[in-house]
Structures are given as C-alpha cells and as structure tokens.
Amino acid sequence: MDLHHKRIVFLVSLNCPYGGNIIPCLLHLARYLSVTYGATIAWVFPRQEKREWLTSVANEFTVHHTIMKRRKLKAEVRRIFKEERPDVAYTHFSLYNLPTVQAIRTLKLHTRTVWHIHSLYSIQTPGEHLSLFTRMRRMASYVLYYRIYGRRVSLIAVSPESAYYATWFKHHWAKLPPPMSAQEMAGIHFPECTVLLNGIDTTRLRHATTPTSPQTFTFFSMGGIESIKKTEYIVRAGIQLRQQGVPPFRLLLTEGIGTRNMVERLFGDNVPPWVELTPQTEDVAGLFRRSSCYVSASLRETQSMAVAEATLYGLPVIQSDIPGTFWNAGNPSVLTFKSTDIGDLAEKMKQVLLSAGDKQGWSKRTTQTRVHNMALLSLENWCDSVVRVFQNL
C-alpha cells in the first residue's frame, strides 16, 4: 500500500493514569506517518478521566472516545469509521479488535486491518494452574479472534510465543499447539505474523547513563498480577539467602494485584525491614536509582518492558527462562534461572550479590548489554518495521 495521504486510525484500549512506553512510541509513529507521507491520523481511546498523556495526543491529532461496554463497542466504532473512512485500522491490545472487523464489514469498507498483539493468554504455561473451564474459555477466545474474525487481518506480535498462538489458531479449531522451548520458538519464522519487540522511549530513563548504587544491595522487581509475576518466588529466594548468612541486601517490590496480600501471607504483621513495598509510579528511573539488580520471576511475558528498561538503565538482570524474555537471555549482564525453581533463583541472586564488588566487570557487562539493546529496541527501528507492515497491506 502506498501510504501517501492515507487515513489511518489508531485504536488503543488504554485506560490508565500513565501513558507508559506505548503512547510515546505511537506518537512517534503517528508523527512520522503524518510528516513523511502526509497521512491523516486519528485515534480512538476508551472514555476516561482527563490524563496528561491523553491531552498530549489530543493536542496534535483528532481523538475519538468510546464507552467501555463491549456490547456497544461495535456501534461506537462503526460511528467513528463512518466519519473517518480509514484506509488502515491499527489496533493495540484487544478491546477494539473484533468491533473493528465488525464495523468494517457492516459499512462495507475496504479498510485494511492490523492487530498489534501485546497480551498472551497461555493455555499451558508451566507453573500456572488453570481450571479446565479457564483453558476451554481461552481456547474458544483464540478461535473466535484468529480463526473466525482474524483470518484476513494482518498481525504484529510482541513475542514469538504470541505469534505462535495467534497463527496456530488461524488454522485450528480445537487442537492445542505443541509445546515448544523458548529457543525453538525464537527460531520460527511466522509468514502470517510479524514478530516485533516494542521500541523503547528512553526519555523515561532520564539518568540511564549514570546509574547510582544504593548503600545496601537492592534487588528490585515490578509487581503486576501476582499469579503471573510471581514476586513471591523472589521473596522466598530472599528468605533462603538470609538463612545462608550472605551479605546484607534488600528487596524492593512495586505493588501489583495481590503483591501486598502475598507479603502478608508470608510474614503476617511482621514484614521484615529488608522487604519494601512501594506504589507503582511513572518515575521508572527513580526506582532504578534505588536498585542494584532487577529480577523478573514471571511465569509468562510477551516482552517485559521492565526487563528492557532495566538493561537500558544499566542494571544487571536475573530472569526466568521463559519464551517472553528469551530475547534478552544471551546478554552478558543477564542471568537466567529455571522458571518456578526458587532454589535456582536464590543461587543466581547469591551469585550477583557476592560478585557486587567487581564493579568494573559489571560495568563492562551492563554497558555491552545496554549498547546491544539500545540498537535492538530502537524506537526508529520499531517505527520503520510497523511502516513496512502497513506498506505490505
């Protein structure tokens, strides 16, 4: 597709206080399309309270809002498409995926559609205990999205695992994809889906070139949905290390869904001073400045922006050996542990802690990782890759 003077609608189901990394990336893409090709860009978001990031988008582009109720979304998107008549509909996250296809069919438009897949609802993740009902519901959702509505949709996936599930269910009704290791999955070429790691907006890491070292060695991890992020493994590994008499260290955890309940379940009312819970914040660099090493114990990820940003800030990283973060596993300042293995995690934490005195060695390794990931996760490269997908529509 020749993108000159095309009408492109970004449909982004983001409803949160902070724009995070995604909004700066999409703004970069929108400006590039507007300046380079004279494209007209419009945006669609869920209706929400006033946000700073939302205002920044509205100051430059047309913004439409929809209600969040799924049963009314088709009519809302149809109303917007009737006005915008887009040549390309570009969705992020999943809320607008089906309503977009439905609206295009109803209006009989020739709009080309791109779904950018960020989420992964695994059916067989090791360590994640799912009921039969949940597994069946997730499989039905995959079939609905990719076999029924998404067969003619172009796909971009943040991780090979997301691409694997999406392309598998484009061709299968009720059969699970064969299990694959992270290494096997990373080597697959997906003709029907472009695998593209998120680009990184480094302005969020204002002090990335001059990381500081806290007085007490601090392992840091960002909480999320606890059943997936498994910060409990990090706390339990910390308990094991304390019993071994290693040098002093602290754990710094941002509060996610279930993080505080997990800590209180382990310690009751006597949470030790070496475990600190802190609220989520947009000031990622401020949290990294308080940290010595980032730890990700997730059962599954699509990329992990936290891992990416930690490497760009200059922190060593310990991560589980899952497909979603395999892209980072080969870097010199990264250690991996067997997912769900608390003993192996404790050993890797001990290894980093005991070698903390080798500042020159760690500085060299983290610099090498940072340089490599800066190129890999370049915002310009990400933007160019998305544009190529549009051009191939």
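Residues numbered from 1 in each chain as written. Predicted model: local features only at pLDDT ≥ 70, side-chain atom pairs only at ≥ 80, totals over all residues. Heavy atoms only, no water.

Student: Before we move on, can you summarise the sheet that holds strand β1 (residues 7–12) with the specific residues and values?
Tutor: Read from one edge to the other, the open sheet built from seven strands follows the order β3-β2-β1-β4-β5-β6-β7, with strand pairing classed as parallel. Sheet topology places β3 (62–66) and β7 (193–195) at the edges, where each strand pairs with a single neighbour. Ignoring which end each strand starts from, the neighbouring axes of this sheet average 20° apart. Note: strand β4 (residues 88–92) against strand β5 (residues 112–117), five bridges, orientation parallel. What sits directly across from Ala 89, in β5, is Thr 113. (Pairing = 2+ DSSP bridges. Helix = DSSP H or I, 4+ residues; strand = E, 2+ residues; numbered from the N terminus. Axes fitted to C-alpha atoms, helices over the stretch in contact; angles between N-to-C directions.)

Student: Break down the packing of aromatic side chains for me, citing the residues and quoting the values.
Tutor: With the rule as written, the count across this model stands at 21 aromatic pairs. With centroids separated by 5.1 Å and ring planes inclined at 85°, the aromatic side chains of Tyr 90 and Phe 390 adopt a geometry described as edge-to-face. One end of the pair, Tyr 90, is in strand β4; the other, Phe 390, is in helix α15 (residues 379–391), with 300 residues separating them in the sequence. A residue is classified by how much of its surface remains accessible, and Tyr 90, at 0% relative accessible area, is buried. Here a set of aromatic residues connected by ring pairs shows up, and it is made of Phe 10, Trp 43, Phe 45, Trp 53, Phe 61, Tyr 90 and Phe 390. (Phe/Tyr/Trp six-rings, centres within 6.5 Å; stacked < 30°, edge-to-face > 60°. Buried < 20%, exposed > 50% of the residue type's maximum accessible area, 1.4 Å probe, protein only.)

Student: Summarise the sheet that holds strand β9 (residues 249–254); cite the residues concerned and give the values.
Tutor: Adjacent strands of a sheet pair through backbone hydrogen bonds, lying either parallel or antiparallel. The six strands are arranged β10-β9-β8-β11-β12-β13 in an open sheet whose pairing can be described as parallel. Each edge of the sheet is formed by a strand with only one pairing partner; in this case those strands are β10 (275–278) and β13 (334–337). For this sheet the average axis-to-axis angle between neighbouring strands, irrespective of direction, equals 25°. Alignment of strand β12 (residues 317–320) against β13, held across four bridges, turns out to be parallel. The residue of β13 that forms the bridge with Val 317 is Val 334.

Student: Report on the nonpolar core, specifying residues and quantitative values.
Tutor: Core analysis: the biggest nonpolar cluster contains 36 residues, and Phe 10, Leu 29, Leu 33, Trp 43, Tyr 90, Trp 382 and Phe 390 have the highest contact counts within it. Those elements giving two or more residues to this core turn out to be β1, α1 (22–37), β2 (40–46), α2 (52–58), β4 and α15. For this core, the element with the highest residue contribution is α1, accounting for nine residues. Aside from chain neighbours lying at most four places away, what touches Phe 390 is Met 1, Leu 3, Ile 8, Leu 33, Val 88, Tyr 90 and Val 114. Grouped together as the second largest cluster of nonpolar side chains are 31 residues, Val 235, Ala 237, Phe 337 and Val 352 included. (Core = buried A, V, L, I, M, F, W, Y, C linked by side-chain atoms within 4.5 Å. Contact = heavy atoms within 4.5 Å.)

Student: Before we move on, could you go through the side chain of Ser 385 and cite the residues and values that matter?
Tutor: Structurally, Ser 385 is set in helix α15. Side-chain polar atoms of Ser 385 contact the backbone oxygen of Asn 381, separated by 2.9 Å. (Polar contact = N/O pair within 3.5 Å; in protein donor to acceptor, adjacent residues only side chain to side chain.)

Student: Which residues make up the side chain of Thr 278, and what are the values?
Tutor: Within the secondary structure layout, Thr 278 lies in strand β10. Residues contacting Thr 278, with those up to four places away along its chain left out, are Leu 252, Leu 253, Thr 254, Glu 255, Leu 287 and Arg 290.

Student: I'd like a rundown of a nonpolar patch on the surface, residues and numbers included.
Tutor: A contiguous nonpolar surface patch, about 290 Å² in accessible area, is contributed by Leu 144, Ile 148 and Trp 173. Turning to its location among the elements, Trp 173 is positioned in the loop between α6 (160–169) and α7 (182–186). (Patch = residues over 30% accessible without salt bridge, like charges linked within 9 Å, V, L, I, M, F, W, Y side chains within 5 Å. Areas by Shrake-Rupley, 256 points an atom, 1.4 Å probe, with all protein chains shown as cover. Salt bridge = Lys/Arg side-chain N within 4 Å of Asp/Glu carboxyl O.)

Student: Tell me about the environment of Glu 282, residues and numbers included.
Tutor: Here Glu 282 shows up in the loop between β10 and α11 (284–289). For Glu 282 and Asn 21, which are 261 residues apart along the polypeptide, the C-alpha to C-alpha distance reads 9.9 Å.

Student: How would you summarise helix α13 (residues 342–354) if you had to cite specific residues and measurements?
Tutor: Here α13 contains 13 residues, and its C-alpha end-to-end distance of 18 Å stays within 8% of the 18 Å for a straight helix at 1.5 Å per residue. The set of residues buried in α13 consists of Ile 342, Asp 344, Leu 345, Ala 346, Lys 348, Met 349, Val 352 and Leu 353. The distance from a side-chain oxygen at the start of α13 to the backbone nitrogen of Gly 343 is 3.1 Å, and the residue carrying that oxygen is Asp 341. (Expected span 1.5 Å × (residues − 1).)

Student: Summarise unusual backbone geometry; cite the residues concerned and give the values.
Tutor: Unusually for a residue other than glycine, Phe 93 sits at a positive phi of about 65°. For Phe 93, a relative accessible area of 26% corresponds to the partly exposed category. A positive phi angle is found at Thr 340, which is not glycine, with a value near 80°. Along the chain, Thr 340 turns up in the loop between β13 and α13.

Student: Can you break down the packing of α1 against α15 residue by residue, with the values?
Tutor: Where α1 contacts α15, the axes come no closer than 10 Å and their chain directions differ by 60°. With respect to their mutual orientation, α1 and α15 come out oblique. For the crossing formed where α1 meets α15, the hand is right-handed. Within the contact between the two elements, α1 uses Cys 25, Leu 26, His 28, Leu 29, Tyr 32, Leu 33 and Tyr 37 and α15 uses Leu 379, Glu 380, Trp 382, Cys 383, Asp 384, Val 386, Val 387, Phe 390 and Gln 391. Here the residues of the contact of α1 with α15 are counted per class, giving 12 nonpolar, two polar and two charged. (Parallel < 35°, antiparallel > 145°, perpendicular 65-115°, else oblique. Left-handed = near helix turned anticlockwise from the far one by under 90°. Nonpolar A, V, L, I, M, F, W, Y, C, P; charged D, E, K, R; others polar.)

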